[in-house]
Amino acid sequence: MDAFRCNECGYETLSEKYYCPKCRNSSFSRLEIEGDGHVYSFTTIHIAPPKFADKAPYQVVLVQITERLRVTGYMDEAINIGDSVSFKEIQEGAYIFQKSS
């Protein structure tokens, strides 16, 4: 999983930016991260938009990947805050996570 770190303030993001939203610097370094983390927060979607109605209920999760990087993703497993998860794939622009074994 690729990520980017601002060379000035250390801000981390998954998408390449033209400038850092924290310090406005335009110099970033590419990071290779494992994609393992823990559930920082989540919500269960019971009534989904029509496009995702067949997937409900599902979890929208906020996963702490590094000390400075949290990623919003999707899980179809029951989870709790603090559970260990790992990045599985990207589907239709969404980051899919699964419980770590």
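Look a little higher up for the structure.
Fair warning: this is a prediction, and the values are worked out from it, not measured in the lab. (Residues numbered from 1 in each chain as written. Predicted model: local features only at pLDDT ≥ 70, side-chain atom pairs only at ≥ 80, totals over all residues. Heavy atoms only, no water.)

Draft legend 1. Molecular detail of the pattern of salt bridges. Scanning all chains against the criterion turns up 3 salt bridges. Residue arginine 30 pairs with aspartate 2 through a salt bridge whose shortest N-O separation is 3.2 Å. Residue arginine 30 is found in strand β3 (residues 28-32), and its partner aspartate 2 is found in strand β1 (residues 2-6); the two are separated by 28 residues along the sequence. Judged by its relative accessible area of 53%, arginine 30 is exposed. Assessed through its relative accessible area of 35%, aspartate 2 is described here as partly exposed. The closest approach of N and O atoms between glutamate 92 and lysine 51, which form a salt bridge, is 3.7 Å. Note that glutamate 92 is positioned in the loop between β7 (84-91) and β8 (94-99) and lysine 51 in the loop between β4 (36-45) and β5 (58-64), a separation of 41 residues in sequence. You can call glutamate 92 exposed: its relative accessible area is 70%. Take lysine 51: its relative accessible area is 59%, and that puts it in the exposed class. (Salt bridge = Lys/Arg side-chain N within 4 Å of Asp/Glu carboxyl O. Helix = DSSP H or I, 4+ residues; strand = E, 2+ residues; numbered from the N terminus. Buried < 20%, exposed > 50% of the residue type's maximum accessible area, 1.4 Å probe, protein only.)

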